[in-house]
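Residue-level structure breakdown
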Amino acid sequence: MQDIKDVLDAELRTPPAPTFDVAATLGPGRRAVRRRRLAAGGAALALALVMGGAGVAVTSQFAGSQGADPVQVAAGVSERGSPRRRSWSTSRRPATTPRTTT
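Below, the structure is looked at part by part. (Residues numbered from 1 in each chain as written. Predicted model: local features only at pLDDT ≥ 70, side-chain atom pairs only at ≥ 80, totals over all residues. Heavy atoms only, no water.)

Bringing the overall build of the chain into the picture now. Helix and strand counts for the chain come out as two helices and zero strands. Each of the 102 residues in the chain was classed as buried or not, and the buried ones make up 3%. When the accessible surface of the chain is split by element, carbon and sulfur atoms take 60% of a total near 10,400 Å². (Helix = DSSP H or I, 4+ residues; strand = E, 2+ residues; numbered from the N terminus. Buried < 20%, exposed > 50% of the residue type's maximum accessible area, 1.4 Å probe, protein only. Areas by Shrake-Rupley, 256 points an atom, 1.4 Å probe, with all protein chains shown as cover.)

Written as structure tokens, this is what we have:
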């Protein structure tokens, strides 16, 4: 039994010569992987630039009155944008609280 192991060890110590060119086979595959990784990285970078540009474009519209014409404030709305407090009464007199008698 020991001589079979010795024979196999002697035969397998030196690997057989390949029947094909290893560098020619692995080279195109590695180049294809490199191209795919570069394409995915470029697509991710382009997406990030588009999203960043859209974010800047949207937020610059609401950044204030930089270069924008002033807008007239509607009646009943303060300059801050919140409605003015008004009484529910239609008269010009201020609203009064009802008197309580004790």
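On the surface, a cluster of positive charge is contributed by Arg31, Arg34, Arg35, Arg36 and Arg37. With respect to the element layout, arginine 35 can be found in helix H2 (residues 22-61). (Patch = residues over 30% accessible without salt bridge, like charges linked within 9 Å, V, L, I, M, F, W, Y side chains within 5 Å. Salt bridge = Lys/Arg side-chain N within 4 Å of Asp/Glu carboxyl O. Lys, Arg positive; Asp, Glu negative; His and termini not counted. Charge placed at Lys NZ, Arg CZ, Asp CG, Glu CD.)

The subject of this paragraph is a nonpolar patch on the surface. On the surface, Ile4, Leu8 and Leu12 cluster together into a nonpolar patch covering about 330 Å² of accessible area. Structurally, isoleucine 4 is set in helix H1 (residues 2-12).

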